[in-house]
Amino acid sequence: MRTITILDPTSAARPGAHPIPGPVETLQGKVVAILNNRWKSMDLVAERFEAALRRDHGVADVLQRVIPISAAAPAALLDEVAARAAVAVVGLAN
């Protein structure tokens, strides 16, 4: 009889890590942040995404912010997004 070994690639959460929040049930009336790192087509994607959020999902506001290319967003910007937005979208749009 042969045996199959199943490997689990997941790892345990790091000590002190925050749990991942669950999905947002609705975007209606919420503030959404779009963090744009200015990769090739992200300006266009962000513009169209904002229009769709306003038209189709009834968001209260969309905060578009520019972040550095290939670098972490500044802590102050992340604090602003955390304080003001229910959801954040970060994209490359390559």
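Computed from a predicted structure; not experimentally measured.

1. With respect to the nonpolar core
Across soluble globular proteins, nonpolar side chains have a tendency to be buried as a group. With nine residues, the main nonpolar core is built from Val31, Ala33, Leu35, Leu63, Ile67, Ala73, Leu77, Val81 and Ala85. Counting only elements with at least two residues in this core, the list comes to strand 1 (31-36) and helix 2 (75-84). Not counting the four nearest positions on each side in its chain, alanine 85 is found in contact with Val31, Val32 and Ala33. Among the nonpolar cores identified, the runner-up in size contains seven residues, and Ile34, Met42, Ala46 and Val59 belong to it.

2. Considering the sheet that holds strand 1
Taken in spatial order, the three strands line up as 2-1-3 in an open sheet, and their pairing is parallel. Of all strands in the sheet, those bounded by a partner on one side alone are strand 2 (61-66) and strand 3 (87-91). This sheet shows a mean twist of 20 degrees between the axes of neighbouring strands, independent of strand direction. Where strand 1 and strand 2 come together, six bridges link them in parallel fashion. Counted as the bridge partner of valine 32 is valine 62 from strand 2. Here helix 1 (residues 42-57) sits on the sheet in contact with strand 1, strand 2 and strand 3, set at roughly 170 degrees to strand 1. Packed on one face of the sheet, helix 2 meets strand 1, strand 2 and strand 3 and runs near 170 degrees to strand 2.

3. Points about the pairing of strand 1
Counting buried residues in strand 1 gives six out of six residues, a clear majority hidden from the surface. Along strand 1, one buried face is formed by Val31, Ala33 and Leu35 and the opposite face, lined by Val32, Ile34 and Asn36, is buried too. Between the parallel pair strand 1 and strand 2, the chain is carried across by helix 1, and the sense of this crossover is right-handed. Pairing geometry for strand 1 and strand 3, over five bridges, is parallel. Each bridged residue has a counterpart across the sheet, and for isoleucine 34 the counterpart in strand 3 is valine 89.

4. Focus: unusual backbone geometry
A positive phi is found at arginine 38, a non-glycine position, where the angle reads about 65 degrees. We classify arginine 38 as partly exposed; its relative accessible area is 45%.

5. Describing helix 1
Listed as buried for helix 1 are Met42, Ala46, Glu50 and Leu53. For helix 1, the angular spread of buried residues about the axis comes to 75 degrees, placing them on one side. Pointing more than 90 degrees away from the buried face of helix 1 are the exposed residues Glu47, Arg48 and Arg55. Positive backbone phi, at 60 degrees, marks glycine 58, one or two positions downstream of helix 1.

6. Structural notes on the pattern of salt bridges
Applying the stated criterion to the full structure yields six salt bridges. In this structure, the salt-bridge partner of arginine 38 is aspartate 43, at a minimum N-O distance of 3.1 Å. Classification of aspartate 43 as partly exposed rests on a relative accessible area of 38%. Arginine 54 is the salt-bridge partner of glutamate 50, the closest N and O atoms lying 2.9 Å from each other. With a gap of four residues between them, glutamate 50 and arginine 54 both fall in helix 1, about one helical turn apart. Here the residues in one salt-bridge network are Glu50, Arg54 and Asp61, joined through shared partners.

Each value, and the rule that gives it
- All residue numbers refer to position in the chain's written sequence, counted from 1.
- Confidence filtering applies because this is a predicted model: local features only for residues at pLDDT of at least 70, side-chain atom pairs given and counted only at 80 or more, and all residues used for totals across whole chains, interfaces and linings.
- The side-chain numbers reported here are obtained from all heavy atoms of the structure, hydrogens and water having been left aside.
- What is meant by a nonpolar core is a set of buried Ala, Val, Leu, Ile, Met, Phe, Trp, Tyr and Cys residues, joined one to another through side-chain atoms within 4.5 Å.
- The cut-offs for exposure are 20% and 50% of the maximum accessible area for each residue type, with area from a 1.4 Å probe on protein chains only; residues under the lower value are buried, those over the upper are exposed, and the others partly exposed.
- What counts as a helix is a DSSP run of H or I of at least four residues, what counts as a strand is a run of E of at least two, and both are numbered from the N terminus.
- In what follows, a contact means two residues having at least one pair of non-hydrogen atoms within 4.5 Å.
- A strand pair is defined by DSSP finding two or more bridges across the two strands.
- Angles here are taken between N-to-C directions and fall from 0 to 180 degrees, while the axes themselves are lines fitted to C-alpha atoms, restricted in helices to the stretch in contact.
- Classification remark: right-handed applies to a crossover when, strands pointing away from the viewer, the course from the first strand over the helix to the second runs clockwise.
- Directions are taken from the helix axis to each C-beta atom, and the arc is the one they span.
- Salt bridges are identified by distance alone: a Lys or Arg side-chain nitrogen within 4 Å of an Asp or Glu carboxyl oxygen.

These figures capture arrangement, not role.
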